[in-house]
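A look at the structure
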Amino acid sequence: MKHLLHCLPLSVICLFAVPMMAQSSAPAKKAEKAAAQLTIAADKTLHGVSPSLYGMMTEEINYSYDGGLYPEMVRNRTMRDGGWMQEDWMVVQNAAGGASFVNDEKEGPTAALPNSIRLTVTAASPAEPAGLRNNGYWGYPLEPGKSYKVSVWARADGAADLTAALVSDKTGKAVASTTFAGVGGAWKQYQGTLKTGAIAAGQGYHLELTLAKPGKVWLTLASVFPETYKGRPNGTRIDLMEKMAGMHPKFLRFPGGNYLEGDHISERYDWKKTIGPLQDRPTHPSPWGYHSSDGLGLLEFLEWCEDLKMDGVLGVYAGYSMKQEHADPGPALEPYVQDALDEIEYATGDVTTTWGARRARDGHPAPFKISYVEIGNEDEFDQSKSYDGRYAQFYKAIKAKYPTLPLIATAPVTSVVPDVIDDHYYLTAESFFADSHHYDKADRKGPKIFVGEYATMEGSPTADFGAALGDAAWLTGIERNSDLIVMSAYAPMLVRVDPGGMQWHPNLLGYDGLHSYGSPSYYVISLFSGHLGDRVVESSLTGGGSRFAYSVTRDNGKLYLKLVNGAPTAETVEVAVTGPTAGAGKAWTLHAASTVDTNSIAEPRHIVPVESAVAVTAGKLVRNVPGYSVEVIELPVGRTK
Ligand code: AHR
């Protein structure tokens, strides 16, 4: 059963949701009530913990990739026609007004990129060049002493020398430049390096592509790329990858979300158009209101998994797009089923398979690990009610070729039994506290559960502390039920915080061009995931109130206690552990004085976990959990069977 599923605007969600938790900025008060009693039998295992419990969900939303994780600096690099609102590309004029351009729909280097900008320069000199300007994603985020790879596809009417320069918005002066001499009559890619000197780090820069003599050139697929994570060509942004690694994620669900489905069938995530050289990727409109470069395509998703040591949870397009377009089960659906089979083969097949060989040609001979395949996304929104039939058709075809590959359904189906159901929850903190026992009594005989999207709907652009409390309470229930729940992921994960960058809030990680930060919820997930354990042990709680939640897990050596106090006042918890427990442990406390307090670009580490020492004496521990706080406590335990 899904809760408050999200194609709905946030206002609609709030109408349905239980009232938000009180947002007080009053300082936390001392505990005045009786202590809660938490009894733990460390040597009594209830069930195992899913090792893949914590992972990540991603899609192109909030400039997650373009303008985000995919650090290409040129916006609209394929020079699509921006119409009368041509805002990505502008002319660089000189005193003679020497430059003009048009979008030429008939001139392009490849079938995928049949268009270009035709730049005409009628008057120019080395002192007064003229050409094109690109402002990038809220500017070009440059740093001193760095090298940036620059490239552009070009052809000239006759011959031309094309200069690419990174220019300061303030001074109008180039801070790095290179000239591609002798651009000729045939389409060709020109590549170089732009090296900055002692400049101020910041986003106040732009790109200029200019001629120093009159001439006519056609241009497309311009690129300015910084260093990437692990130095991968066409790779990912370093600080964001490092922050994600801090979440200890075991899987990545990609490519969406709504982004998988698209508004229309023609705008779905058509994976075959996202692989291979960039000049062979036609790009596509995304349902979140901007165009996707597809620079971060299927192979790059898989490499992202590889870089962070995650399994892939591959979402395959299932024949339904959000403006109520669908393909009926039967012959009309067959091409999409075949696309899914090909996609799985591209990801996992060895080089003797057709699509495994294609992956090798694209630069990655070794297969990737896909641990689950998800068929569609939120298909209960399909008013034609065709999902049951569509799911069954995909299920049978995929199982015939990959019998052991678990398949996820996104809505209830009856024709076949799915291995896993994907449930999504976007709720208030109050609702998450109230619902943290949601799965305690759930049927254990049916499909497993993937909580493929959840978030407490507080905070913008990123989750605030009230949201972190709600998320933490919810996660205690997920851990307690991790025999049934195999995976969980917060959504959405990424947001560009510059004006206009956000289509949805809250989000987990915020960033501009150069800086990034984790929300309090990011630290909750990182703490929980980093102290997972491999089994849930027997425990019981008396007292604690409706805004208190906990979970207890362990492995061979450590007991992990998660305590969430969503009330403004402190909660004393008397912990009694039976089983071999003694000695020094550690605690991490995440606390804020107010539920609306949060982190930001200006204060990225305002709310972060604080580590302290704890000791268990004769199996006893008294913990004064401050109001508005989340604690993870790690205690030593002896081995048990
Ligand atoms: O996470 C944002 C959106 O919420 C996802 O794209 C969709 O699956 C859900 O409705």
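Parameters and conventions
- Residues numbered from 1 in each chain as written.
- Predicted model: local features only at pLDDT ≥ 70, side-chain atom pairs only at ≥ 80, totals over all residues.
- Heavy atoms only, no water.
- Axes fitted to C-alpha atoms, helices over the stretch in contact; angles between N-to-C directions.
- Helix = DSSP H or I, 4+ residues; strand = E, 2+ residues; numbered from the N terminus.
- Parallel < 35°, antiparallel > 145°, perpendicular 65-115°, else oblique.
- Left-handed = near helix turned anticlockwise from the far one by under 90°.
- Contact = heavy atoms within 4.5 Å.
- Nonpolar A, V, L, I, M, F, W, Y, C, P; charged D, E, K, R; others polar.
- Near = heavy atom within 4 Å.
- Polar contact = N/O pair within 3.5 Å; in protein donor to acceptor, adjacent residues only side chain to side chain.
- Areas by Shrake-Rupley, 256 points an atom, 1.4 Å probe, with all protein chains shown as cover.
- Pairing = 2+ DSSP bridges.

1. Side note on the packing of helix 4 (residues 298–307) against helix 5 (residues 334–348)
Between helix 4 and helix 5, whose axes approach to 11 Å, the crossing angle comes to 45°. In terms of orientation, helix 4 lies oblique with respect to helix 5. Seen along the crossing, helix 4 lies across helix 5 with a hand that is right-handed. Between helix 4 and helix 5, the contacting residues are L298, L299 and L302 on the first element and E343, Y346 and A347 on the second. Class assignment of the residues belonging to the contact of helix 4 with helix 5 gives a composition of five nonpolar, no polar and one charged.

2. Digging into the site of the ligand
If you check the shell around the ligand, you find 13 residues, and the closest are E59, N258, E378, Y426 and E453. E453 has a polar side-chain atom sitting 2.7 Å from an oxygen atom of the ligand. Within the complex, the protein chains bury 100% of what would otherwise be the 290 Å² of accessible surface of the ligand. Its residues assigned to classes, the shell around the ligand shows six nonpolar, four polar and three charged.

3. What about the sheet that holds strand 26 (residues 516–518)?
The strand order 24-25-26 describes an open sheet built from three strands, whose pairing is mixed. Only two strands of the sheet have a single partner each, and these edge strands are strand 24 (494–496) and strand 26. Averaged over all pairs of adjacent strands, the angle between their axes in this sheet comes to 20°, without regard to strand direction. Pairing analysis gives three bridges linking strand 25 (residues 509–511) to strand 26, with the strands arranged antiparallel. Counterpart to Y511 in the pairing with strand 26 is S516. Sitting on the sheet, helix 2 (residues 238–245) is in contact with strand 24, strand 25 and strand 26, with an inclination near 15° to strand 26.

4. Brief notes about the sheet that holds strand 9 (residues 174–183)
Taken together, five strands build an open sheet; the order of strands is 3-6-11-8-9 and the sheet is antiparallel. Sheet topology places strand 3 (89–92) and strand 9 at the edges, where each strand pairs with a single neighbour. Averaged over all adjacent pairs, the angle separating strand axes in this sheet is 20°, with direction ignored.

5. So, unusual backbone geometry
The residue after S460, namely P461, is reached through a cis peptide bond having omega 0°. Take P461: it is sitting in the loop between strand 22 (448–456) and helix 9 (465–480). In this model, A491 is joined to P492 through a cis peptide bond whose omega is -15°. Structurally, P492 can be placed in the loop between strand 23 (485–490) and strand 24.

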